[in-house]
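Listed below, chain by chain, are the residues.
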Amino acid sequence: MNIDGKARRTIWLEEGGRSIGVIDQTQLPYHFTTRSITGLDGAAEAISTMVVRGAPLIGVTGAYGLMLALQGDPSDGSLAAAFEQLNATRPTAVNLRWALERVRAKVAGLPPAERAEAAKAEAGAIAEEDVAMCASIGEHGLQVFQQLAAARPAERQGQPLNVLTHCNAGWLATVDWGTALAPIYKAHRAGLNIHVWVDETRPRNQGASLTAFELGREGVPHTVIVDNAGGHLMQHGQVDAVIVGTDRTTRTGDVCNKIGTYLKALAAHDNGVPFYVALPASTIDWTIGDGVAEIPIEARSSQEVTHIQGRISSGSAAGQLATVQLTPDGSAGFNPAFDVTPARLVSALITERGVAAASEEGLKGLYGDA
Ligand code: MRU
């Protein structure tokens, strides 16, 4: 996608694969900086501190993290330890386990001396497949948006199609294109008049900082709203559709996404607003049937709730990044990072293979051969 007119991806190889380059997402939208990750510990730290984040990008970073570990020590013990270390960095996004298992399956049977090169090839394949899957999600989602726009009453034709999204499921969350934002980019490029309501997405503000940054760079009209505004906008006919990503989708169509997604789905259901979830196959956990009961929900530091980061806008420190405290000294904070939206609240799943009902039948119809 475009950064100052230059096409970029979120992750790339450096020095022939001795290190990986990433965009430091903790600095956005204020500073566009990149980081070089060397070694297993660097990859694990980049994932857990959210220098890289978003389910598909976490998976690709984990895969390259195994490559870095095997460059240092290609033994069986090193492979097992690196797998465990990386897999523990963020527990909810199933793409991480999926990508690590894929690389491990490719290299485990090889002589140690060949493992790092094989891991590099497999991680590269995962990255390329992610780009292709996200582009395809975009094409299928574009058709959904075109149909929605055409079905509006005559007096609403010509007005923007208003789409609400939560968190960041854009190109920063993947290798390129994104999941939930891919249809928005495709629609904008196809000339559809589209406007995006961007949930700020407390506590880490991925909507206000990352989604708004991406949409701005691509020239997509958008407006940032507080997380609590969506229901009100839906009651007043100002949302034509909601589209979000997912960190783990059960075989029955439950979706686990950034905390607050469930409340948006409830409000959409109550107001007859279609609620779409965009996902690649790598996000489906076929071993799980009940998302609420079975998906592990990451609990992050309470400091993300009690404090907030921003850029100082005036005075002698203007321009500097600062963290400020929001709550009284001594008040506890609790920070579950994801919630589960049951399949009954999801209008449809938009995948790289097409659009399906959020159900076991719907998913099997698309992936029965897989
Ligand atoms: O905690 P984050 O920023 O990694 O959460 C990201 C999300 O919730 C995305 O919606 C999800 O990973 C789908 S991304 C294509």
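Residues numbered from 1 in each chain as written. Predicted model: local features only at pLDDT ≥ 70, side-chain atom pairs only at ≥ 80, totals over all residues. Heavy atoms only, no water.

Asks: Please explain the packing of aromatic side chains as it appears in this structure.
Replies: Where two aromatic rings form a pair, the distance of their centres and the angle of their planes describe that pair. Tallied over the full model, the rule gives 1 aromatic pair. Taken together, a centroid distance of 6.2 Å and an interplanar angle of 70° make the contact between Trp286 and Tyr367 edge-to-face. With Trp286 in the loop between strand S13 (284-285) and helix H10 (291-294) and Tyr367 in helix H12 (residues 360-367), the pair connects residues that are 81 residues apart, well separated along the chain. Judged by its relative accessible area of 5%, Tyr367 is buried. Over the aromatic face of Trp12 sits the side chain of Arg8, whose NZ or CZ is 5.4 Å from the ring centroid. Its end group placed over the ring of Phe338, Lys258 keeps NZ or CZ at 4.1 Å from the ring centre. (Phe/Tyr/Trp six-rings, centres within 6.5 Å; stacked < 30°, edge-to-face > 60°. Helix = DSSP H or I, 4+ residues; strand = E, 2+ residues; numbered from the N terminus. Buried < 20%, exposed > 50% of the residue type's maximum accessible area, 1.4 Å probe, protein only. Lys NZ or Arg CZ within 6 Å of the ring centre and 35° of its normal.)

Asks: Explanation requested: the sheet that holds strand S3 (residues 11-14) in the structure shown.
Replies: To summarise the sheet geometry, strands pair through backbone hydrogen bonds and adopt either a parallel or an antiparallel arrangement. Pairing is antiparallel in the open sheet, where 3 strands are placed in the order S3-S4-S5. With partners counted over all chains shown, the strands left at the sheet margins are S3 and strand S5 (34-37), one partner each. Neighbour-to-neighbour, the strand axes of this sheet turn through a mean angle of 30°, independent of strand direction. By the bridge criterion, 4 bridges tie S3 to strand S4 (residues 19-23) in an arrangement that is antiparallel. Each bridged residue has a counterpart across the sheet, and for Ile11 the counterpart in S4 is Val22. Along the sheet face, helix H2 (residues 55-72) touches S3, S4 and S5 and points at about 20° away from the line of S3. (Pairing = 2+ DSSP bridges. Axes fitted to C-alpha atoms, helices over the stretch in contact; angles between N-to-C directions. Contact = heavy atoms within 4.5 Å.)

Asks: How should I be thinking about unusual backbone geometry in this particular structure?
Replies: The bulk of non-glycine residues show a negative phi, and the bulk of peptide bonds are trans. Cis geometry is found at the peptide bond from Leu28 to Pro29, where omega equals 5°. With respect to the secondary-structure elements, Pro29 resides in the loop between S4 and S5. A cis geometry characterises the amide bond from Arg202 onward to Pro203, with omega recorded as 10°. When you line up the elements, Pro203 lands in the loop between strand S7 (194-199) and helix H7 (206-218). If you check the backbone angles, Trp177 has positive phi at about 75° while not being a glycine. Relative to the helices and strands, Trp177 is located in the loop between strand S6 (161-165) and helix H6 (182-189). Look at Trp177 and you get buried, because its relative accessible area is 14%. One non-glycine residue, Asn205, lies in positive phi territory at about 60°. By secondary structure assignment, the location of Asn205 is in the loop between S7 and H7. Asn205 gets classed as buried once you look at its relative accessible area, which sits at 12%.

Asks: Explain the nonpolar core here, please?
Replies: It is characteristic of soluble globular proteins that their nonpolar side chains tend to be buried jointly. Of all hydrophobic cores here, the largest spans 78 residues; its most connected members are Phe145, Ile184 and Ile243. Two domains each donate at least three residues to this core, and these are domain 1 (2-128) and domain 2 (139-366). If sequence neighbours within four positions are ignored, Ile184 has contacts with Phe145, Val163, Ile194, Val196, Leu215, Val220 and Ile243. Membership of the second largest hydrophobic core comes to 27 residues, among which are Ala229, Val239, Leu363 and Leu366. (Core = buried A, V, L, I, M, F, W, Y, C linked by side-chain atoms within 4.5 Å. Domains from an automatic or database assignment.)

Asks: Teacher, can you tell me more about the side chain of Asp24 here?
Replies: You can see Asp24 is positioned in the loop between S4 and S5. Looking at Asp24, the relative accessible area reads 6%, which means it is buried. A polar side-chain atom of Asp24 sits 2.6 Å from a polar atom in the side chain of Thr26. A distance of 3.5 Å separates polar atoms of two side chains, one belonging to Asp24 and the other to Arg35. Contact partners of Asp24, with chain neighbours within four places excluded, come to Thr33, Thr34, Arg35 and Val51. (Polar contact = N/O pair within 3.5 Å; in protein donor to acceptor, adjacent residues only side chain to side chain.)

Asks: Help me out: how do you make sense of a nonpolar patch on the surface in this one?
Replies: Where nonpolar side chains cluster on the molecular surface, the patch consists of Tyr262, Leu263 and Leu266 and spans about 260 Å² of accessible area. When you line up the elements, Tyr262 lands in helix H9 (residues 261-271). Judged by relative accessible area, Tyr262 falls into the partly exposed class, the value being 30%. (Patch = residues over 30% accessible without salt bridge, like charges linked within 9 Å, V, L, I, M, F, W, Y side chains within 5 Å. Areas by Shrake-Rupley, 256 points an atom, 1.4 Å probe, with all protein chains shown as cover. Salt bridge = Lys/Arg side-chain N within 4 Å of Asp/Glu carboxyl O.)

Asks: Sorry if this is basic, but what is going on with the domain arrangement of the chain here?
Replies: The accessible area lost on association of the parts is a frequent measure of interface size. Each domain of the chain was delimited in the assignment, giving domain 1 (2-128) and domain 2 (139-366). Taken over C-alpha atoms, the centre of domain 1 sits 25 Å from the centre of domain 2. Between domain 1 and domain 2, the residue contacts involve 34 residues of the former and 37 residues of the latter. By the criterion of area lost to domain 2, the three top residues of domain 1 are Tyr30, Arg53 and Thr92, representing 22% of everything that side buries. For the interface between domain 1 and domain 2, the tally reads 2 salt bridges. (Buried area = accessible area lost by both parts, 1.4 Å probe.)

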